[in-house]
Number of protein chains: 2
Amino acid sequence: MKITDMHVTPIAITDPPLLNASGLHAPYALRTIIELVTDDNIYGLGEVPGSVATTASLEAAREVVVGQDPFQLNAIQAGLMERFGAGNEARGESPWDRRRIVHVFSAIEVACFDIMGKATNRPVCDLLGGRVREQVDFSAYLFYKYEGAGGKLAFSTDPQATGWAAARQKAALDPAGVVAQAQAMCKEFGFKSIKLKGGVFPPDEEVAAILALRDAFGPGTPLRHDPNAIWKVETAIDAGRHMKGVLEYYEDPVRGQENMAKVREALNIPMATNMCTTSFEDIPGSVRTNSEDIILSDHHFWGGLRASVELARICRTFGRGLSMHSNSHVGISLAAMAHLAAATPNLTYACDTHYPWQSEEVIAGGRTQFADGALTVTNEPGLGIELDRAMLATLHEQYKLCGLTERNDEIEMQKVQPGWKFQATRW
Amino acid sequence: MKITDMHVTPIAITDPPLLNASGLHAPYALRTIIELVTDDNIYGLGEVPGSVATTASLEAAREVVVGQDPFQLNAIQAGLMERFGAGNEARGESPWDRRRIVHVFSAIEVACFDIMGKATNRPVCDLLGGRVREQVDFSAYLFYKYEGAGGKLAFSTDPQATGWAAARQKAALDPAGVVAQAQAMCKEFGFKSIKLKGGVFPPDEEVAAILALRDAFGPGTPLRHDPNAIWKVETAIDAGRHMKGVLEYYEDPVRGQENMAKVREALNIPMATNMCTTSFEDIPGSVRTNSEDIILSDHHFWGGLRASVELARICRTFGRGLSMHSNSHVGISLAAMAHLAAATPNLTYACDTHYPWQSEEVIAGGRTQFADGALTVTNEPGLGIELDRAMLATLHEQYKLCGLTERNDEIEMQKVQPGWKFQATRW
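Keep in mind that what you see is a predicted model, and the values were worked out from it rather than measured.

Participant: So what exactly am I meant to see when it comes to the overall build of chain A here?
Facilitator: Looking only at helices and strands, chain A features 14 helices and 14 strands. Relative to its length of 427 residues, chain A is compact, with a C-alpha radius of gyration of 20 Å against a globular reference of 22 Å. Within chain A, buried positions represent 65% of all 427 residues. Restricting to contacts in chain A with at least 6 residues of sequence separation, those with at least 24 account for 73%.

Structure (structure tokens):
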């Protein structure tokens, strides 16, 4: 079996004005969809965070990928590493691994797994060791946000919307707004764990929101707070003391492994990260400093599904728990996340997903349905999804029209608050 | 697809009187062969070190395994962990992980991979990420030994034997004998790396043997010395100084991670282990102490092929090299080792194998052939081997007749040297 073609399609999906430490989500989130086609007419799908640069990298990967057997993941990866000079590529300034090889391979590997599953008549989870759970739990991912639906209605709302689609449009800028958002989201999707993306308002306001969630949902509800690493160590310790016994985990209150370790030692609250331990190169430092209790995996950032299984083994080996990180995404990434989670025994925390914030979809049949806060992983071959080519074309047109070329939350924020600047440590 | 039957067959294979730190190999080595059969009449093969206890464990595993889908490795493993109370099982006194779950699952997982490969028309290496090398290099595994062919000719020889079969019968009790053995083995198999199993004679005699090998094969030849952890730290440091620049790696000269770290720090020679870091539970200690440079993986002792791939990732993550350990075995284990090695990018050292010391085989077509010190991994589905049922029956009869129930090199040695005792630290 050979890969004979590779289609790379950047898309833009409507995204509401969600706030975080880096600023504000643009009216559209960018993703890049890849489709690999084989000589026996099987196609496989992959999805990664989008940007002009990522699309260009994927285009540049085509000459390596076409002609390969989709089972030869090691050879494809080696070819891509050579293509991108991965040995010399820097991982970049951000907390995440920005090397092209990581994103490119993660998209291509998922598409290869989709093909392998279809070729062998097996769901992807069965190619990762088989399912250990029928249902994969996800968490409610709350955001502070401005009023607005995103897209063309960036800061305005669709009055026709009902249910969660209406609630999703509302502002959430204080504890009451956060609780209302949580109630609407949990009612719609049945989520049982709740995460608040923080790092937006002064710490005492965010602590108040967490305590309000505790009051609204009851003391046993697993709550997570993620200040996006912009707090000082002393701030994080002080805030953490107010949330002790309330948080399921405390996610990246501070920047860097050393700081995380200080907070962790002071508080004795489970601490999670997708910012200080974000690649295999960070693992020795994590072990040395004891920077966190739980690693939020993300197959887009760790280099694919097999790499994520290997990360899971490392977590077991070093006594780390395992949860899963998310960005704005559509159903291809969601399916890949669900198959991975279904096959990972020690992924015991409900996974993050931005999915409720999106309304568009590129997979046939429309939006994936959650039941009781969980997805039931399909037994269909591969990822168990098909591409809606009309929607893909529509969302590609939307990409071309929206004019965005990369995610830049700071610039979006400056449109609302002129002169606003990202601060690595704010409070 | 369901597993409908599981056949467990202990066998005994002729093994010459090889010496090591634990004593002497018995005239027969024990292996247990398993065969899983599915409802669509695919069978898969596995092989593990044999003993009455392991056979009993495998028999006890049948009720868990039969009825399972061979792709559901996680579920099979979870079932076996429950069956064997793996959470409470101790790993035992030996340097290796003796938990039943480890051996049982490794045998069953390999058989499942053989089935998965046959069911999907793919070689096992393709289900582990695909091959990164066409040829898998193996090393010449030298032993001090008494004269004798093993089996019924325990301490005597077959005068009809020729070539390596004749050379294999000869005693090797000094540097000249070791060099002659190496020359005959390398001539027959084409091996380019050479390992001496030591821990048998006083250190200066073994150092002399290594230096004699260097003189005979030339200074560039990769040589390994394995004193089986029975040297004192000072002894190992002193002997190591005489072998510096000669050894490719120095394998387990001393016992335990702390001692290994001391020798490593003193010598600055690459150090390898299959005795101080032998399970995932040992990895944190390895990282803390820097006990070795190279880990010798062994899918029978680390819990299967996927676990070995995960170990490979850990080795990359922590800057450890990767080689492969062996025990006396037949062609099922050899095929599994070769598929694993073919799919492991950072397995850059030639693998150990006892295979040249064996003469019998349970796979159809007889003994696997090496060319230029390497195996070419087949593209046939699964492990690419078929069972020779007549030979299996013959070797099972041999098992019943030989009277051995477990490996005990100390008792065998006492038959030659009455009163001989294993010493954990001898010199």
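Participant: Is there a simple way to explain the sheet that holds strand β10 (residues 247–251) of chain A in this structure?
Facilitator: Backbone-to-backbone hydrogen bonds pair the strands of a sheet. The strands run either parallel or antiparallel. All names here are of chain A. What the seven strands build is an open sheet, ordered β7-β8-β9-β10-β11-β12-β13; its pairing is parallel. Edge positions in the sheet fall to β7 (140–143) and β13 (321–324), since each has one partner strand and no second. Across the sheet, the mean angle separating the axes of adjacent strands is 25° when strand polarity is ignored. In the sheet, β7 pairs with strand β8 (residues 194–197) via four bridges, with the strands oriented parallel.

Participant: I keep staring at the relation of the copies chain B and chain A and nothing clicks. Help me out?
Facilitator: The relation between the two copies of this chain is a rotation about an axis and a shift parallel to it. Under the fitted operation, chain B is carried onto chain A by 0.0 Å of movement along the axis and a turn of 180°, and the coordinates agree to an RMSD of 0.0 Å. Within this description, the copies of the chain are treated as partners about a two-fold rotation axis. A share of 100% of interface residues in chain B that are also interface residues in chain A marks the association as one of identical surfaces.

Participant: Would you mind showing me how to read the sheet that holds strand β4 (residues 28–38) of chain B here?
Facilitator: Residues and elements named next belong to chain B. Across the sheet, which stays open at both edges, the three strands sit in the order β1-β4-β5 with antiparallel pairing between neighbours. Because the sheet does not close on itself, it has two edges, and the strands there are β1 (3–14) and β5 (43–49). Each adjacent strand pair in this sheet contributes to an overall mean axis angle of 20°, direction not counted. Across eleven bridges, β1 lies against β4 in antiparallel orientation. Bridging from a neighbouring strand, isoleucine 3 pairs with threonine 38 of β4. Against the sheet, helix α3 (residues 100–120) engages β1, β4 and β5, with an angle of about 155° to β5. Together, β4 and β5 form the strand contacts of helix α12 (residues 331–342), whose direction differs from that of β5 by roughly 100°.

Participant: When you look at the packing of helix α2 (residues 73–83) of chain B against α3(B) in this model, what are you seeing that I'm missing?
Facilitator: Relative placement of two packed helices is described by the angle separating their axes and the distance separating the axes. Residues and elements named next belong to chain B. At their nearest, the axes of α2 and α3 sit 10 Å apart, and the two run at 155° to each other. Put simply, α2 runs roughly antiparallel to α3. Considering only the axes of α2 and α3, their crossing is right-handed. On the side of α2, the interface is formed by Leu73, Ile76, Gln77, Leu80 and Met81, while α3 contributes Ile101, Val104, Phe105, Ile108, Glu109, Cys112, Phe113 and Met116. Among the residues forming the contact of α2 with α3, the class breakdown is eleven nonpolar, one polar and one charged.

Participant: Help me understand the interface of chain B and chain A in this model?
Facilitator: Where interface size is given, it is often the accessible area lost as the parts come together that is meant. Listed as interface residues are 29 residues of chain B and, on the opposing side, 29 residues of chain A. Across the chain B/chain A interface, buried area totals approximately 2,500 Å², and carbon plus sulfur atoms make up 54% of it. On the chain B side of the contact with chain A, Asn74(B), Arg122(B) and Arg313(B) bury the most area, a combined 24% of that side's loss. Our count for the chain B to chain A interface comes out at four salt bridges. Applying the counting rule to chain B against chain A returns 18 residue pairs in polar contact (both at pLDDT 80 or more). At the level of elements, α2, α9 (283–289) and α11 (305–317) of chain B are the ones that each hand at least two residues to the side of chain B that touches chain A. Here the side of chain B that touches chain A gets seven residues from one element, more than from any other, and that element is α11(B). Partitioned by chemical class, the residues of the side of chain B that touches chain A number 16 nonpolar, six polar and seven charged.

Participant: Sorry if this is basic, but what is going on with the domain arrangement of chain A here?
Facilitator: Residues and elements named next belong to chain A. When the domains of chain A are assigned, the result is domain 1 (3–124 + 388–401) and domain 2 (127–376). In this assembly, 49 residues from domain 1 lie in contact with 57 residues from domain 2. When domain 1 packs against domain 2, the two sides together hide about 4,200 Å² of surface, and 63% of this comes from carbon and sulfur. Our enumeration of links across domain 1 and domain 2 arrives at three salt bridges. Among the ionic pairs, arginine 91 bridges to aspartate 282, the shortest N-O distance being 2.8 Å.

Participant: In this structure, what is going on with the environment of Glu310(B)? I would like to understand it.
Facilitator: Examined against the element boundaries, Glu310(B) turns out to sit in helix α11. We classify Glu310(B) as buried; its relative accessible area is 8%. As a C-alpha pair, Glu310(B) and Ile11(B) span 299 residues in sequence and 30 Å in three-dimensional space. At 2.6 Å, the side chain of Glu310(B) and the side chain of Arg313(A) are in polar contact.

Participant: Whenever I open this one, the packing of aromatic side chains confuses me. Can you help?
Facilitator: Each aromatic ring pair is summarised here by two numbers: the centre-to-centre distance and the angle between the ring planes. Residue and element names in this part refer to chain A. Per the counting criterion, the structure on display carries 27 aromatic pairs over all chains. Between phenylalanine 189 and phenylalanine 191, the ring centres sit 5.3 Å apart and the planes meet at 15°, which makes this aromatic pair stacked. Of the residues examined, phenylalanine 189 reaches a relative accessible area of 12% and is grouped as buried. An aromatic cluster is present here, built from Phe138, Tyr141, Phe143, Trp164, Phe189, Phe191, Tyr355, Trp357 and Phe370 joined pairwise through their rings. Stacked on the ring of phenylalanine 84, the Lys or Arg arginine 83 has its end atom at 5.9 Å from the ring centre.

Participant: Could you clarify how one ought to interpret the packing of helix α5 (residues 175–189) of chain A against helix α6 (residues 203–217) of chain A in this entry?
Facilitator: Residue and element names in this part refer to chain A. One can describe the packing of α5 onto α6 by two numbers: an axis separation of 8 Å at closest approach and a directional angle of 45°. By the angle between their axes, α5 is oblique relative to α6. Where α5 crosses over α6, the handedness of that crossing is right-handed. When α5 is examined against α6, the residues Pro175, Val178, Val179, Ala182, Gln183 and Cys186 are found in contact with a partner set consisting of Glu205, Ala208, Ala209, Ala212, Leu213, Ala216 and Phe217. Of the residues that constitute the contact of α5 with α6, the class distribution is eleven nonpolar, one polar and one charged.

Participant: Just to check I follow, could you spell out the side chain of Glu251(A) for this structure?
Facilitator: All names here are of chain A. Relative to the helices and strands, glutamate 251 resides in strand β10. Within polar-contact distance, the side chain of glutamate 251 engages the side chain of lysine 195 at 2.9 Å. Excluding its chain neighbours within four sequence positions, the residues that come into contact with glutamate 251 are Lys195, His225, Asp226, Pro227, Asn228, Ala272, Asn274, Leu296 and Asp352.

Participant: Would you take a moment to explain the pattern of salt bridges for this structure?
Facilitator: If the charged atoms of two oppositely charged side chains come close together, the side chains can form a pair. All names here are of chain B. In total, this model carries 54 salt bridges over all chains according to the counting rule given. Residue arginine 99 pairs with glutamate 281 through a salt bridge whose shortest N-O separation is 3.4 Å. With arginine 99 in the loop between α2 and α3 and glutamate 281 in the loop between β11 (271–273) and α9, this residue pair connects regions lying 182 residues apart in the sequence. For arginine 99, a relative accessible area of 15% translates into the label buried.

Participant: Explanation requested: the confidence of the model for chain A in the structure shown.
Facilitator: A low pLDDT means the predicted coordinates there should not be read in detail. Taken residue by residue, chain A gives an average pLDDT of 97. The fraction at 70 or more is 100%. Both scores are given for the predicted complex: the pTM is 0.97, the ipTM 0.96.

Participant: Help me out: how do you make sense of the environment of Ala176(A) in this one?
Facilitator: All names here are of chain A. Looking at the secondary structure, you find alanine 176 in helix α5. The class of alanine 176 is exposed, set by a relative accessible area of 55%. Placed 201 residues apart in sequence, alanine 176 and valine 377 show a C-alpha to C-alpha distance of 35 Å.

Parameters at a glance
Residues numbered from 1 in each chain as written. Chains lettered and ligands numbered in written order. Predicted model: local features only at pLDDT ≥ 70, side-chain atom pairs only at ≥ 80, totals over all residues. Heavy atoms only, no water. Helix = DSSP H or I, 4+ residues; strand = E, 2+ residues; numbered from the N terminus. Rg over C-alpha atoms; globule rule 2.2 N^0.38 Å. Buried < 20%, exposed > 50% of the residue type's maximum accessible area, 1.4 Å probe, protein only. Contact = heavy atoms within 4.5 Å. Pairing = 2+ DSSP bridges. Axes fitted to C-alpha atoms, helices over the stretch in contact; angles between N-to-C directions. Least-squares fit on C-alpha atoms with pLDDT ≥ 70 in both. Parallel < 35°, antiparallel > 145°, perpendicular 65-115°, else oblique. Left-handed = near helix turned anticlockwise from the far one by under 90°. Nonpolar A, V, L, I, M, F, W, Y, C, P; charged D, E, K, R; others polar. Buried area = accessible area lost by both parts, 1.4 Å probe. Salt bridge = Lys/Arg side-chain N within 4 Å of Asp/Glu carboxyl O. Polar contact = N/O pair within 3.5 Å; in protein donor to acceptor, adjacent residues only side chain to side chain. Domains from an automatic or database assignment. Phe/Tyr/Trp six-rings, centres within 6.5 Å; stacked < 30°, edge-to-face > 60°. Lys NZ or Arg CZ within 6 Å of the ring centre and 35° of its normal. pLDDT = per-residue confidence, 0-100.

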